[in-house]
Amino acid sequence: MIIDSHVHISNPPLFNMPPEIVIESMQKYNIDISIVSNGDSAECDHNQNDIPSEYQISQIESINKTIQFAKENKNKIFAALWLKPKNEEPSDELESLIKNNLDVVKALKFHPYHSATPFDSPRIQAYFYLAQKYNLPVITHTGIGNCDNCQLVYKMAKQYPEIKFIMAHLGLGSDNLEAIELCSKQDNLYGDTAWVPVSSTQLFIRKNGSEKILFGSDNPIDGVDTYHHNPYGQRSIYQDYFFNLQNLISSTDYENLMYKNAKNIFNI
């Protein structure tokens, strides 16, 4: 079994990841379940400039699209709600959406880089009461910038020990060593493997055990064949996860990574 904990849908201009491509890719590469968030909630472009208003939709509209996708693909798609802390705030409507759809809503999602908002900002923390109240893990993009660095996530994990925080990418653009070390210091701090080489995942497991890391890919960021190759024809690192890693770690560790941890953390 494979659960991909880091999957997206999105419309242009920033990303182009239609729902039907997610389903096609899952079928082609034998992915059983995907945890999906909607990139339409991105508030800033790749240079952290505001996305023009004509391309923006509300977080409620974005979330409704994600929930609908999950409802239409029962037991295959679950929702991580990508929120918009730069320009919006929690609302009663948002809480009602969560409360009434807990069968498919399994996490809150932030992208501090594409919101140009530091992860320890009060604007992001304002949403954490929803994670606490509904026992939802918080997934956040991590990188090496001022808004998305791993130290900020560690700080929040210490401040909110009852919430599970998942550091997607384990610090994208880094050697992953800082993220791996921080996860060893905080019980409620987890990682995923999106764009993380197998060697870093092996190190993570040696240092932290196999119960704190989830398979994730960013599918379908490079199209239907994200799991196989990138747009330049180069072999995807996920081929190593599918075909090589099980020979490098124990079967228990491999099963934890590829699906068991996700089932436990997301209550699937």
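Check the entry above for the structure.
The shown structure was predicted, so the numbers you read here are calculated from the model rather than taken from an experiment. (Residues numbered from 1 in each chain as written. Predicted model: local features only at pLDDT ≥ 70, side-chain atom pairs only at ≥ 80, totals over all residues. Heavy atoms only, no water.)

Undergrad: Teacher, can you tell me more about the overall build of the chain here?
TA: When you go through the chain residue by residue, the secondary structure sums to eleven helices and eight strands. Against the globule reference of 18 Å for 268 residues, the chain gives a C-alpha radius of gyration of 17 Å, in line with a compact fold. The contacts of the chain with a sequence gap of at least 6 include a subset with a gap of at least 24, amounting to 74%. Split by element, the accessible area of the chain, about 11200 Å² in all, is 46% carbon and sulfur. (Helix = DSSP H or I, 4+ residues; strand = E, 2+ residues; numbered from the N terminus. Rg over C-alpha atoms; globule rule 2.2 N^0.38 Å. Contact = heavy atoms within 4.5 Å. Areas by Shrake-Rupley, 256 points an atom, 1.4 Å probe, with all protein chains shown as cover.)

Undergrad: Would you mind going over the pattern of salt bridges with me for this structure?
TA: Side-chain pairing between opposite charges can occur once the charged atoms of the two side chains come close. By the definition in use, this model includes ten salt bridges. D225 serves as the salt-bridge partner of K28, at 2.8 Å between the closest nitrogen and oxygen. Of the two residues, K28 is situated in helix α1 (residues 19-29) and D225 in the loop between β8 (213-214) and α10 (238-243); the sequence distance between them amounts to 197 residues. The exposure class of K28 is partly exposed, given its relative accessible area of 47%. Judged by relative accessible area, D225 falls into the buried class, the value being 15%. Residues D240 and R235 are paired through a salt bridge, measuring 2.7 Å at the closest nitrogen-oxygen approach. (Salt bridge = Lys/Arg side-chain N within 4 Å of Asp/Glu carboxyl O. Buried < 20%, exposed > 50% of the residue type's maximum accessible area, 1.4 Å probe, protein only.)

Undergrad: What should I look at first to understand the nonpolar core in this one?
TA: Nonpolar side chains in soluble globular proteins tend to end up buried together. Judged by nonpolar contacts, the single largest core of 66 residues is most densely connected at I98, L108, F110, F119, F128, F165 and L189. The dominant element in this core, judged by the number of residues it contributes, is helix α7 (residues 150-159), at six residues. Sequence-distant contacts of L108, defined by excluding residues within four places in its chain, comprise L81, L83, I98, Y127, L130, A131, L136, P137, V138 and I139. Among the nonpolar cores identified, the runner-up in size contains 15 residues, and I33, I35, I139 and A262 belong to it. (Core = buried A, V, L, I, M, F, W, Y, C linked by side-chain atoms within 4.5 Å.)

Undergrad: What is the right way to look at the packing of aromatic side chains in this model?
TA: Aromatic ring pairs are reported here in terms of the distance separating the ring centres and the angle at which the planes meet. Enumeration according to the criterion identifies 16 aromatic pairs in this entry. When the centroid spacing of 6.2 Å and the interplanar angle of 80 degrees are considered together, the rings of F110 and F128 count as edge-to-face. Here F110 is found in strand β4 (residues 105-110), whereas its partner F128 is found in helix α6 (residues 128-133), with 18 residues between them in sequence. Taken individually, F110 and F128 each receive the classification buried, so the pair is uniform in this respect. Their ring planes at 85 degrees and their centres at 6.1 Å tell us that F119 and F165 sit as a pair that is edge-to-face. Of this pair, F119 sits in the loop between α4 (112-115) and α5 (122-125) while F165 sits in strand β6 (residues 165-168), and the two are 46 residues apart along the sequence. For the pair F119 and F165, one class covers both residues: buried. The structure contains a cluster of three or more aromatic residues connected by ring pairs, namely Y29, W195, F215, Y227, Y238, Y241, F242 and F243. Sitting over the face of the ring of W82, K109 holds its NZ or CZ atom 4.5 Å from the ring centroid. (Phe/Tyr/Trp six-rings, centres within 6.5 Å; stacked < 30°, edge-to-face > 60°. Lys NZ or Arg CZ within 6 Å of the ring centre and 35° of its normal.)

Undergrad: What exactly am I supposed to notice about the state of the cysteines here?
TA: One covalent bond between the sulfur atoms of two cysteine residues makes up a disulfide. Counted under the stated rule, the structure contains zero disulfides. Residue C44 stays outside any disulfide, its sulfur separated by 8.5 Å from that of C147, the closest cysteine. Not part of a disulfide, C150 finds its nearest cysteine sulfur in C183, a span of 7.9 Å. For C150, a relative accessible area of 2% puts it in the buried group. (Disulfide = S-S within 2.5 Å.)

Undergrad: Can you walk me through the side chain of T142 in this structure?
TA: Looking at the secondary structure, you find T142 in the loop between β5 (138-141) and α7. Residue classification places T142 among the buried positions, given a relative accessible area of 0%. Within the local environment of T142, its side chain forms a polar contact with the backbone nitrogen of G171, the two atoms lying 2.9 Å apart. Other than its neighbours up to four places away in sequence, T142 contacts D148, C150, V153, M167, A168, H169, L170, G171 and L172. (Polar contact = N/O pair within 3.5 Å; in protein donor to acceptor, adjacent residues only side chain to side chain.)

Undergrad: What exactly am I supposed to notice about the packing of helix α2 (residues 59-72) against helix α3 (residues 92-100) here?
TA: To characterise two packed helices, one gives the angle between the axes of the helices and the distance between these axes. One can describe the packing of α2 onto α3 by two numbers: an axis separation of 11 Å at closest approach and a directional angle of 10 degrees. Viewed along their axes, α2 and α3 adopt a mutual orientation that is roughly parallel. Touching Q59, I60, I63, N64 and I67 of α2 are E93, L94 and L97, all from α3. Broken down by class, the residue content of the contact of α2 with α3 amounts to five nonpolar, two polar and one charged. (Axes fitted to C-alpha atoms, helices over the stretch in contact; angles between N-to-C directions. Parallel < 35°, antiparallel > 145°, perpendicular 65-115°, else oblique. Nonpolar A, V, L, I, M, F, W, Y, C, P; charged D, E, K, R; others polar.)

Undergrad: Even after reading the chapter, I still don't get empty space enclosed by the protein, so can you show me in this structure?
TA: A water-sized probe, rolled over the atoms, reveals where empty space remains. This structure, assessed with the given rule, holds one cavity of 30 Å³ or more. In this structure, the largest cavity encloses a volume near 50 Å³. What lines the largest cavity is S5, H6, V7, H8, I35, V36, S37, A80, K109 and I139. Contributing elements (two or more residues each) for the lining of the largest cavity: β1 (3-9) and β2 (33-38). Counting residues per element, the lining of the largest cavity draws most heavily on β1, at four residues. Taken together, the residues of the lining of the largest cavity break down into five nonpolar, four polar and one charged. (1 Å grid on protein atoms, 1.4 Å probe; cavity = no way out; pocket = protein on both sides within 12 Å on 5 of 7 lines; lining within 4 Å. Points joined across faces, edges and corners; volume = space filled by probe spheres on them.)

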